[in-house]
Amino acid sequence: MSRDAASSPPATARHWQVRGTVQGVGFRPFTHRLATELQLSGTVRNRAGVVEIDAFGAPEALEAFRSRLRSDAPPLAAIAEIVELPPGGHAAPGAGFRILASVDDPCDAPEFVEVPPDAGLCQACRAEVLDPADRRHGYPFTNCTDCGPRATIIDDLPYDRARTSMSEFPLCPRCRAEYLDPGDRRFHAEPVACPDCGPRLSWRPGGTLPNLQQAQGAAALRIALERLAEGGVIALKGLGGYQLVCDATDEDAVARLRRLKQRPDKPFAVMAEDLAQIRALARVSGAEQGLLASPARPIVLVRPAPRGRPRLAGGIAPGAPRLGLFLPTTPLHLLLVRGAGRPLVVTSGNTADMPIIIDDLRAAQALGPVCDGLLAHDRTIRARYDDSVARVVHDQPTVLRRARGYAPEAIDLPIAAPRPLLAMGAQLKHTFTLAVGGHAVVGPHTGDLAALAALEAFDEAAGRMEHIHRVKPDIVVHDLHPEYLSTRAATAWEPERRMAVQHHHAHIASCAAEHGITGPVLGVAYDGLGLGGDGTLWGGEVLLADLCAFRRLGRFGTAPMPGGEAAVRHPLRMALGYLAGGEDLGGLRPDAELTAGVLAGLRDREPEYAKVLRLAASGTRSPRVSSAGRLFDAASALLGLCDHAGYEGHAAVLLEGAAQDVAADPLPWRVTESAGLWVLDPVTTLTGLLLRRREGAPVPELAAAFHEALTLATVELVRHCAVGTGVRTVCLSGGVWQNNRLTESVAQALEGDGYRVLINQRVPTNDGGISFGQAAVAAARLAEG
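Each residue is numbered by its place in its chain's sequence as written, counting from 1. In view of the model being predicted, local features appear only for residues whose pLDDT reaches at least 70, and side-chain atom pairs are presented and counted only at 80 or more, with totals across whole chains, interfaces and linings using the full set of residues. The side-chain values count all of the structure's non-hydrogen atoms but skip hydrogen atoms and water molecules.

Enquirer: Run through helix α3 (residues 59-71), naming residues and quoting values.
Expert: Three or four residues apart is the spacing at which side chains of an α-helix point the same way, because the helix has 3.6 residues per turn. Here a strand is any run of E in DSSP of at least two residues, a helix any run of H or I of at least four, and the numbering for each starts at the N terminus. Multiplying 1.5 Å by the helix residue count minus one yields the expected span of that helix. The terminal C-alpha atoms of α3, which comprises 13 residues, lie 18 Å apart, in line with the 18 Å expected from a rise of 1.5 Å per residue. The buried label goes to any residue with under 20% of its type's maximum accessible area, the exposed label to any with over 50%, and the partly exposed label to all in between, with areas taken from a 1.4 Å probe on protein chains only. Those residues of α3 that fall on the buried side of the exposure criterion are Ala61, Leu62, Phe65 and Leu69. Buried residues in α3, looked at end-on, bunch into an arc of 100 degrees, giving them a common side. Turned more than 90 degrees away from the buried face of α3, the exposed residues are Glu60 and Ser71. Residue contacts follow a heavy-atom distance rule, with two residues in contact if any of their heavy atoms lie within 4.5 Å. Looking at the buried side of α3, the elements it contacts are β1 (12-21), α2 (27-37), β3 (50-57) and β4 (78-85). Note that the arc is computed from the directions linking the helix axis to the C-beta atoms.

In structure tokens form, the structure reads like this:
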């Protein structure tokens, strides 16, 4: 024996459990390659929701192996922790390194397991689909360990083909060879398929039953492209549900799609073939391009190019400041948009306020009669996932709708939940959150809980999450508002297992918690409305808050909502509410002559003008609200931009769209003290708006001046509220912060004052983030005891 060999430390065995998003992301094949490179023997396998590794070899090689498990992990993996356990007995010298069959024994598994999100089409698979010489040329279901369906096909964990909807498609010899080859990027890629053994396309003409197929395979795609070229609307079975598709450059097709979806105003998303086409349509930054091409493949809100080519139909996003663009998420989408030779509108396959359809029979019944045909396939969708929506604001990527590509990836809670809990969310842009220990799974966007079908979709998704994660919640968390369907559903639980969290506290907690903050922050919660701690409607609040509790320090001045909820759909009524009954805070108010002139101009625009004015003046059926969102509604209506809202936030979107990048001096603004709170005076700003409009100022200038006034007033409000608190961290959360111009200007101004400014990034700033905030608050309260 040589002296070197005699002095070398003996080989040893190590056993690790890798936790996090490590199943369905190519982690076992990666582990196999790494172990082989480092000359280790042993095994790797999926156990329940984790990856279990036994390795045998030189100590230095084992240490390098453990380090590189984290540093060199596959791009879709997210390692939470690597736990060392006693050796498991599967590692032996000279036996090589093997991938073992998965086991479902939860022994030694953590209390929480993660489900990987779907991943957008990777460049390698894209190249194969477009290569005439490749055996997967033109195959719509091509995927590998770096891309393809995950959450939308999983039945249970551990993640193996047999526990997905791909179990219905036995592998052909060539796919099996790829699946078993450690050197192939499809090594243990569970959804792997090809034209010989995988799912197949089918075309069904509109109005037919699902068992009546006109064509399959390439012929089905060809017919769908013909219908699109003729100006048709087709239903497409995507990753997480059916979608409706039409030519984005065809005005008539877009108008028809709006009628079919009963969606007269809300912007549509547009899919482009590649980044080059997106750059021709919009002004995109490097950060926005990175977001567009990320594995999540979200719809990204970007600035349209002044003379974009090809020219999109005017009905795509009427009046909106930004255009929602995205890249193909699957090979099927790529083949469709490439075959069409132009951008396509791709929107959720449903009618207004209903959940996206995933069932083939339901699609045939609901979509078949109203479209020109269904381009479907025979792979079952197990879970409903709409397209995610994101943006870049203040140089930070932020999610506005968390669904396909992001959900159900877990987000860490800064204070672990001592007991499993289910946070029910709000009413609009609904999500739920399942929290176990330090992990929170924000469920996919459900939509608005305005219909029984949406509530059923929520129940189905929550039940599925509980099953896959093997969790039974002990506590249910809900909003204060008793009329929210999410709150009503929570009342089925025993009172001792329920916890209520105030709406705006949840907004601020969602922002603070995702940034890991537990201590006090100044929270600026601007949204439409939510039930306040005093039983009135809030929506323009400054709170001193931690994760357990809050204190209201500032607010917007109040105004009546004539007719209640109807005023949300009719911004002109909010304008009348401010004019007739806005809170008098001693600031600027319109004189009799100005008021009379304005009211005369509004009379013809509101069919129930006299009734609305009477309700506003008397307070009858007109709850008062301190809301930033409703102030945006009023300003938009007074400028003639929006009398009737076609979707939530419609008036505010048009106001931001009118302002664009116009430079303007701010309208008058005022912050004063009233009853121990600092109050922003809306009537002063609206009066200034009316005075300048009477002087002939153009609408874009006035819209910009309104934004400037709100920026300065917000900064002043924060300054006053911060006095005596010692707090220098500000969280901006709530639906109004979807306004890019306001977010950028307020954040920059506060940072210039020395504040640390945080915005929501991984969870939506709108009500889609409420459930995460509820979970964070409930976890902190339970931990505090």
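Following the structure, the description resumes.
Enquirer: Would you mind going over the sheet that holds strand β20 (residues 475-479) in detail, with residue names and values included?
Expert: The strand order β19-β18-β20-β21 describes an open sheet built from four strands, whose pairing is mixed. If you trace the sheet from one side to the other, it starts and ends with β19 (433-442) and β21 (498-501), each paired once. Taken pair by pair, the neighbouring strands of this sheet meet at an average axis angle of 60 degrees, ignoring direction. For helices, the axis comes from a line fit to the C-alpha atoms of the stretch in contact; other axes are also lines fit to C-alpha atoms, and the angle between any two N-to-C directions lies between 0 and 180 degrees. Strands β18 (410-423), β19, β20 and β21 of the sheet are contacted by helix α24 (residues 770-784), whose axis makes an angle of about 75 degrees with β18. Whether two strands pair comes down to DSSP finding at least two bridges between them.

Enquirer: Tell me about unusual backbone geometry, and please be specific about residues and values.
Expert: The step from Leu157 to Pro158 runs through a cis peptide bond, and the omega angle for that step is 5 degrees. Position of Pro158 relative to the elements: it lies in the loop between α4 (123-130) and α5 (173-180). Even without being a glycine, His394 presents a positive backbone phi close to 55 degrees. Summarising the element assignment, His394 is placed in the loop between β16 (389-393) and β17 (396-401). Given a relative accessible area of 12%, His394 falls into the buried group.

Enquirer: Let's hear about the pairing of strand β6 (residues 201-205): which residues, and what values?
Expert: Of all five residues that make up β6, four are buried, and the element is covered over most of its length. Strand direction decides the pairing type here: β6 and strand β15 (residues 373-377), joined by five bridges, are antiparallel. By the bridge assignment for β15, Arg204 is matched with Leu374.

Enquirer: Let's hear about empty space enclosed by the protein: which residues, and what values?
Expert: Think of a 1 Å grid over the protein atoms and nothing else: a 1.4 Å probe that fits but is trapped marks a cavity, an open set flanked by protein within 12 Å on at least five of seven lines marks a pocket, and residues with an atom within 4 Å of a point count as lining. Grid points are joined across faces, edges and corners, and a volume is the space filled by probe spheres set on the points. Taken as a whole and assessed by the stated rule, the structure comprises six cavities of 30 Å³ or more. Approximately 170 Å³ is the volume found for the largest cavity. Contributing to the lining of the largest cavity are 17 residues, with Ala383, Arg384, Tyr385, Pro444 and Ala461 lying nearest its centre. Quantified by volume, the second largest cavity comes out at close to 130 Å³. Taken together, 17 residues make up the lining of the second largest cavity; nearest its centre are Pro140, Leu239, Thr330, Pro331 and Arg379.

Enquirer: Summarise the packing of aromatic side chains; cite the residues concerned and give the values.
Expert: A pair of aromatic rings is counted whenever rings of Phe, Tyr or Trp (Trp by its six-membered ring) have centres within 6.5 Å, and the orientation is called stacked for planes under 30 degrees apart, edge-to-face for over 60 and tilted otherwise. Inspection of every chain in the model, using the stated rule, returns eight aromatic pairs. Pairing Phe27 with Phe30 gives two aromatic rings, centres 5.4 Å apart and planes at 65 degrees, and the pair type is edge-to-face. Here Phe27 pairs with Phe30, and both are found in helix α2, just three residues apart, close to one helical turn. Since its relative accessible area comes to 1%, Phe27 is described here as buried. Residue classification places Phe30 among the buried residues on the basis of a relative accessible area of 8%. Between Trp538 and Phe550 the ring centres are 6.2 Å apart and the planes differ by 90 degrees, which places this aromatic pair in the edge-to-face class. Residue Trp538 is located in strand β23 (residues 537-545), and its partner Phe550 is located in strand β24 (residues 550-556); the two are separated by twelve residues in the primary sequence. By relative accessible area, which is 3% here, Trp538 ends up buried. In this structure Phe550 comes out as partly exposed when scored by relative accessible area, which is 26%. An aromatic cluster of at least three residues, connected via ring pairs, comprises Tyr526, Phe556 and Trp737.

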